[in-house]
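As a plain string of letters, each chain reads:
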Amino acid sequence: MKLAGLNTIENAHEESVWAVTWVPETDSRPPLLLTGSLDESVKIWESDDLILKGTNTGHCLGVVSVACHPSGVIAASASLDSFVRVFDVETNATIATLEAPPSEVWQMKFDPKGTVLAVAGGGSASVKLWDTATWQLIVTLSVPRPESSKPSDKGGSGKFVLSVAWSLDGRNLACGSMDGTISVFDVARAKFLHHLEGHFMPVRSLAYSPIHPRVLYSASDDAHIHMYDAEGKSLVGAMSGHSSWVLSMDVSPDGTALATGSSDRTVRLWDLSMRAAVQTMSSHKDQVWGVAFRPPGVTGVRAGRLVSVSDDKSISLYDYS
Amino acid sequence: MGCVYIPVQHSDEEVRVVLNQLPLDANDILDILKAEQASLDLWLIIAREYFKQGYVEQFQQILEEGSSPEIDEYYADVKYDRIAILNALGAYHSYLGKCESKGAKKDDHFISATKYYNKASRIDIHEPSTWVGKGQLLLAKGDLEQASGAFKIVLDGNKDNVPALLGQACVQFSRGRYSDSLELYKRALKVYPSCPGAVRLGIGLCRYKLGQFDKARQAFQRVLQASELDPDNVEALVALGLMDLQINKGDEIQKGMEKMQAAFEIYPYCAVALIYLANHFFFTGRHHAVERLTDTALAVSEPGLQKSHSFYNLARSYHTKGDYEKAGFYYMASVKEISRPHDFVLPYYGLGQVQLKLGDFRGSLSNFEKVLEVYPENGESLRVVGHIYVQLGQTEKALDVLRKATRIDPRDAQAFLELGELLISSDAGAALDAFKTTSLLKLHFTYARHESHLLASGNHFMVSQARSLLKKSGGKAPIELLNNIGVLHFDKGDFELAKQTFKEALGNGVWLDLVDGKFCSSAVDSDQFCDMQLFQRLQERGDPVELQWDKVTTLFNYARLLEQLHDAEKASILYRLILFKYPDYQDAYLRLAAIAKSRNNIQLSIELIGEAIKVNEKCPDALSMLGALELKNDDWLKAKETFRAAREATDGKDSYSALSLGNWNYFAAARSEKKGAKLEATHLEKAKELYTKVLVQHPANLYAANGAAVVLAEKGQFDVSKEIFTQVQEAASGSIFVQMPDYQNCLRKFYYNTDTQVLLYLARTHYEAEQWQDCKKTLLRAIHLAPSNYTLRFDAGVALQKFSASTLQKTKRTADEVSDPISFFSPFVRSTVAELKNAVRVFSQLSAASNHHIHGFDEKKIETHVGYCKHLLDAAKVHCEAAEREELQNRQRLEVARQVALAEEARRKAEEQRKYQLEKRKQEDEIKQVRQQEEQFERKKEQWKSSTPASKRKDRSHADDEEGGHSENRRRKGGKRRKRDKKPQYEMDEVEPNTMYEDDDDMDDIDTNLVNNHEKDKDQMNRQENDGEENTQDLLAAAGLEDSDVEDDMNDPPSTKYRRKRALSDSDEDEPSDRKAESGQNRESLAEPESDGEFREKEELHRDTYEEDED
């Protein structure tokens, strides 16, 4: 289990790069990379050489999240002005513009089957689900305010929803909030199930394990990574090592490793069986806002890839083996 | 029952005097004696009987009567009895003189004793008993030579005179000639075998002094055992006790003490017994008994060494109890009783220690130096002297002394340790070496000697070699040393080395498995920080969970190291392990609480501190932390109580708790706006009082000064507060608030770019510099970091709005100035319009969100902004159209010009053609004619050319006008700015914030600057208006609105500087909402001391320092 640097593009964007995702390969082309930046653009890159394939403009204010449909045909990008733009990866044709005021837009994720797009709704304390066929709002999953809510809870920022994650079967959805609680929903019934507690600072990234359907990983500003039994409501383990906020996290496709990006400018690789950091990459010069493992392709033979993006405007690509 | 018979004069009758029924009034007896003219030996017998029964006065009265001149006359021929009476009186007075402690009375007694003896000598100069008495007197006076002479005279006459023998023996004993003395005692015993125990006592003492302890013991025992002797002889008891004590074994000491006690019971005023008893009780810790005994001892003991001992005992007792003042006093008394330090050096040592404790370094130094005079190679004293030199700042001397200590005894690892500790401050590397040396020393003397030399020469390479030698020899350094070495590495930032060292110190144990994560498969509960189940499970499984007491500190330090390496999880396991075995280890609780706090888990943190406080409810650190947590948790009342308790726990000396209380009061004042002005005033007053108190204690405390200034500003005393702020700022140079332009560096250095507050400052700087795009980007970054902070969104909206407004103004000017407006114009307007739309969107979103009560903005205010932006949009539209129109016109104009040029060209070509033809036709014509024609043509050409320069000149004059306007501006600003050029807006404003920060001292100037800027803006707008463009009227109105908004909104990004400025300039026009915002900023800056507290927590590292021996 190790990472080896493959390629780095300095100044990939004019400003901080805030979001990254992989576009799965299609029959006609290899996998691509999608990055979003404060410079209001979304760029498409060819892996492994990181050749710029296209630049999408049209967003105002920084691009905070990018997500790609499992088919690899369409993708979505979201910016601080609370618009979600859905577009065709090949042609950059706008398919839809989603907006649900006054809800902002933070992390977005397509469900594993690709029928629903989940969007973290920030201060609206909810997750919006959009139908990917009609691009209509299906439902709003609201995070219930805690019973013991104190009036002093500053402006309700407690349940500000930042991050989302789909379970492997697409039946459950977890969302992380500013106050550190994670809420789990039953998507089919649009029902809130329970909270997962343990963090007390913003949870900026969530991911379900691809091999243990109940296991949910969370990354938080408290510099810790937690492992939860998402159904049993219990904290299974915690890992520490970053010296500052953990901003992003992804689980390797084989489910044995975790990659995290942090404000401490490092990317760390964690061995989940040892529950310890096995490698620290320090190639970035500023906080690392996004990390993503390449999903296994249809052919699935090529070695694993990890990408990281940072405030230093660069993109780094690693070989994961 | 003895009785004497006084023969009645002139008859055979006798008066029977029963000796134990002597009348209390001596005159009764005297009358009889005188009346019957009884023989003088009867007088003496009766007097002696009085003395034996303790009636000293009667004894004296009879003898004095018996030695009066009438008696001398009457009994002139009874020589011997008269001498005996005189001698008895002399002996009595020498005894009194010997017992008397006061100099004058002592002398009186000795004088009268001498008088009596002299009188006796006059009666018969050869009487030996008189000489013996004289000898005793001289002995009592300490005049050994003369005493010896007196005894010698007697012995020359009769070599078996027992009293003289004893006297001489005493003299020899005092002279230290113990064997001579022993011989004399022996002779006395031979001559007079049934002599009193004192003789045997003397023999015992001599033997004791000669080192024949067994024989001495026999002698002492015989004194006590022999029934005919003196079974209650205190001296013998004491001597035996002493001997027992000196064997220094448990039961012997017990026996010795029993004897001392017996002696004490027989005679409660025996100083030696008292002193030794006190000494014993000192070691058994019964200080009360020590003091009582010593008080008695002081009353009875002879001046000099004994008194000194007594004082020393007393001092030592107080010393141990921590009453340094009294201890110092008694040590001093003890020292005063000693003529030479050589006699009894311990009180000097104690006095030195006490003075050291009380901070009297010089006094202490001189005392320790006295100790060193006596024992020049006393390692402890050398170390202390070294320590004092350190305190006095004479590091060189200290090093010398310590090095001497290490040289004298190279095995003295303690001294090396001290040396190492000393070196830490100056040279951590050398200190490390010293510690290493110490660790070596403890094990391998050979290497250590080698290395101490190396250390002196600073040869690091050799040190490491020595160390490897040590390793080869398989030695293992003691844990405390490794711990200290580890801590040193830790302090130096060599975390890896520290880790290794700690691990080495800890050796094998359960912690290894814990740290290696072998047990992590077990589930962790959500209340992970209190969880002890892990260890219980381990124990159930049969794995021993053991933690030796001497490893706790090292384990704690190891955990601290892990924490420093951001491995809080493992650190917490180790802390819990410590607590599992040692539930009273408060610091582990505090660290766990700190970890929980850093993870924002307030509840858990409070619980953990609760545990810590259970261990020690007066721990100020725990209380302060608890207070901070409660404040964070919005538990105002509790926080106040806790801070109070913390303050009391430290007798108000802890500035942190006082500051926190001050802050609390300030917040309370800021909070209670609704509750009424009175309450606010009281809170402010309290806050000020507290800040001032802290300032009195620590005049350099920035937080307190800052707090005081804030309160003063709040109360409207701006002048004073301004002054304090300036001072704070000057003092804090190097802190982040001063390095305004260096925010970016600061962010990177201190906060991993995660501090939105600093980002906000940065945005503010950009805003002031009118770098709108940078400002916007910075704000967006901040939003990205703190998504739920709607203030940032609001600020972003304001930035967008301001950006649009200023671009709209600028476009117009550039349109005037730039010769080719087309490429410049439309992109500006287009981007402006886009940004305006964004601004509208941001504001309307905020406005919508305000329905959810997510943030605290005034809806109306947002609406105003929305309105203004929309208005600007409209304006921009018109503007845009105008611009486009102008663009069109420009294009048309250019087209016309091009056509004109084309026509001209055509015309010229035609003319040329014509000329050519003419030339061709009239080639043969006269040359003159041709020339004329040519000249004419040239003139024409000239004329045509000159039209272009003329227009250029006109342009330039226009530009001059612009310049003039600027220079006028410049003049008005009082030459404040040096830089200035044709594109003034950007350049100038970049300079502006800088100068502003540089000119800390004159606020007024800055204010003027601001005002000037303001005016300048208006000026420019006026000019634009005068330019005759349409719509500027609207724009001006809009700008007016905008300006007032800016005043309100953009003071959100706070900085001490701006706050100050705001406080100074806008005090009158403050609206309530404005005030709120302001106090918000103050609150942020006030929150700073918290980090101070955290820092303190962090710094808490345990170092095993050796503790000075109290003795």
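Residues numbered from 1 in each chain as written. Chains lettered and ligands numbered in written order. Predicted model: local features only at pLDDT ≥ 70, side-chain atom pairs only at ≥ 80, totals over all residues. Heavy atoms only, no water.

- In the annotation of an unreviewed UniProt entry, chain B is listed under the name RNA polymerase-associated protein CTR9-like protein and assigned to Coptis chinensis.

- Per an unreviewed UniProt entry, chain A goes by Anaphase-promoting complex subunit 4 WD40 domain-containing protein and derives from Coptis chinensis.

### Quick look at the packing of aromatic side chains
Line of reasoning, step 1. For the structure on display, the rule yields 8 aromatic pairs over all chains.
Line of reasoning, step 2. Note that Arg-294 of chain A overlies the ring of Trp-22 of chain A, its terminal NZ or CZ placed 5.6 Å from the centroid.
Line of reasoning, step 3. Directly above the aromatic system of Tyr-116 of chain B lies the positively charged group of Lys-115 of chain B, at a separation of 5.6 Å from the ring centroid. (Phe/Tyr/Trp six-rings, centres within 6.5 Å; stacked < 30°, edge-to-face > 60°. Lys NZ or Arg CZ within 6 Å of the ring centre and 35° of its normal.)

### Looking at the nonpolar core
Burial of nonpolar side chains together is a common tendency in soluble globular proteins.
Line of reasoning, step 1. Among the nonpolar cores identified, the biggest contains 62 residues, and Leu-80, Trp-106, Val-127, Leu-129 and Leu-173 of chain A together with Leu-779 and Phe-843 of chain B are the most heavily contacted of them.
Line of reasoning, step 2. A total of 10 residues in this core trace back to one element, the largest contributor, which is helix α44 (residues 790-817) of chain B.
Line of reasoning, step 3. Look past the residues within four positions of Leu-173 of chain A in its chain and what remains in contact with it is Ala-118, Val-127, Leu-129, Leu-141, Ala-165, Trp-166, Ser-183, Val-184, Phe-185 and Val-187 of chain A.
Line of reasoning, step 4. Within the second largest apolar cluster, 54 residues are counted, among which are Leu-506, Leu-547, Tyr-558 and Ile-573 of chain B. (Core = buried A, V, L, I, M, F, W, Y, C linked by side-chain atoms within 4.5 Å. Buried < 20%, exposed > 50% of the residue type's maximum accessible area, 1.4 Å probe, protein only. Helix = DSSP H or I, 4+ residues; strand = E, 2+ residues; numbered from the N terminus. Contact = heavy atoms within 4.5 Å.)

### Side note on the pairing of strand β25 (residues 276-281) of chain A
Residue and element names in this part refer to chain A.
Line of reasoning, step 1. Pairing of strand β24 (residues 267-271) with β25, which is carried by 5 bridges, proceeds in the antiparallel orientation. Across the sheet, Leu-269 pairs through a bridge with Gln-279, a residue of β25.
Line of reasoning, step 2. In sequence, β24 turns back onto β25 through a hairpin of 4 residues, with Arg-275 there showing a positive phi of about 55 degrees. (Pairing = 2+ DSSP bridges.)

### Let's talk about the pairing of strand β27 (residues 304-310) of chain A
It is a general feature of regular strands that their side chains alternate between the two faces of the sheet.
All names here are of chain A.
Line of reasoning, step 1. Of all 7 residues making up β27, 6 are buried, and the element is well covered by its neighbours.
Line of reasoning, step 2. Strand direction decides the pairing type here: strand β26 (residues 288-293) and β27, joined by 5 bridges, are antiparallel. From the neighbouring strand, Gly-290 faces β27, where its bridge partner is Val-309.
Line of reasoning, step 3. The antiparallel pairing of β27 with strand β28 (residues 315-320) creates a hairpin that spans 4 residues between the two strands, and Lys-313 there sits at a positive phi of about 75 degrees.

### A few points about helix α32 (residues 568-581) of chain B
Line of reasoning, step 1. With 14 residues, α32 of chain B should cover 20 Å at 1.5 Å per step; its first-to-last C-alpha distance of 20 Å lies within 8% of that length.
Line of reasoning, step 2. Burial runs high along α32 of chain B: 12 of the 14 residues are buried.
Line of reasoning, step 3. Looking only at α32 of chain B, the buried set comprises Ala-568, Glu-569, Ala-571, Ser-572, Ile-573, Leu-574, Tyr-575, Arg-576, Leu-577, Ile-578, Leu-579 and Phe-580 of chain B.
Line of reasoning, step 4. On its buried side, α32 of chain B packs onto β20 (224-229) and β21 (234-240) of chain A together with α29 (510-515), α30 (533-540), α31 (552-564) and α33 (586-598) of chain B. (Expected span 1.5 Å × (residues − 1).)

### Details of helix α19 (residues 346-358) of chain B
Residue and element names in this part refer to chain B.
Line of reasoning, step 1. Taking 1.5 Å per residue as the helical rise, α19 with its 13 residues ought to reach 18 Å, and the 18 Å between its terminal C-alpha atoms agrees with that figure.
Line of reasoning, step 2. The buried fraction of α19 is high, at 10 of 13 residues.
Line of reasoning, step 3. Restricting attention to buried positions, one finds in α19 the residues Pro-347, Tyr-348, Tyr-349, Gly-350, Leu-351, Gly-352, Gln-353, Val-354, Gln-355 and Leu-356.
Line of reasoning, step 4. Those residues of α19 hidden inside the fold are in contact with α17 (305-321), α18 (324-337), α20 (361-374) and α21 (379-391).

### A look at the sheet that holds strand β1 (residues 3-9) of chain A
Residue and element names in this part refer to chain A.
Line of reasoning, step 1. The strand order β1-β28-β27-β26 describes an open sheet built from 4 strands, whose pairing is antiparallel. Only two strands of the sheet have a single neighbouring strand rather than two, namely β1 and β26. Adjacent strand axes in the sheet meet at a mean angle of 20 degrees, parallel and antiparallel pairs treated alike.
Line of reasoning, step 2. Examined bridge by bridge, β27 and β28 share 6 bridges and lie antiparallel to one another. Across the sheet, residue Gly-304 finds its bridge partner in β28, namely Tyr-320. (Axes fitted to C-alpha atoms, helices over the stretch in contact; angles between N-to-C directions.)

### Points about the side chain of Thr-35 of chain A
Residue and element names in this part refer to chain A.
Line of reasoning, step 1. Inspection of the secondary structure puts Thr-35 in strand β3 (residues 32-37).
Line of reasoning, step 2. Within the structure, Thr-35 has its side chain in polar contact with the side chain of Trp-45 (distance 2.9 Å).
Line of reasoning, step 3. Not counting chain neighbours up to four residues away, the residues in contact with Thr-35 comprise His-13, Val-17, Ala-19, Val-20, Ser-41, Val-42, Lys-43, Trp-45, Val-66, Val-309 and Ile-315. (Polar contact = N/O pair within 3.5 Å; in protein donor to acceptor, adjacent residues only side chain to side chain.)

### A closer look at the UniProt feature "repeat: WD" (unreviewed entry) in chain A
Line of reasoning, step 1. According to UniProt, the positions carrying the feature "repeat: WD" (unreviewed entry) are residues 10-46, 56-97, 154-195, 196-238 and 239-280 of chain A.
Line of reasoning, step 2. The span residues 10-46 of chain A shows a helical share of 0% and a strand share of 49%, and its end C-alpha atoms are spaced 15 Å apart. (UniProt positions renumbered as here; feature names shortened; annotations may be inferred.)

### What about a nonpolar patch on the surface?
Line of reasoning, step 1. Side chains of Met-1, Met-274 and Val-278 of chain A sit close together on the surface and give an oily, nonpolar patch of about 260 Å² of accessible area.
Line of reasoning, step 2. Inspection of the secondary structure puts Val-278 of chain A in strand β25. (Patch = residues over 30% accessible without salt bridge, like charges linked within 9 Å, V, L, I, M, F, W, Y side chains within 5 Å. Areas by Shrake-Rupley, 256 points an atom, 1.4 Å probe, with all protein chains shown as cover. Salt bridge = Lys/Arg side-chain N within 4 Å of Asp/Glu carboxyl O.)

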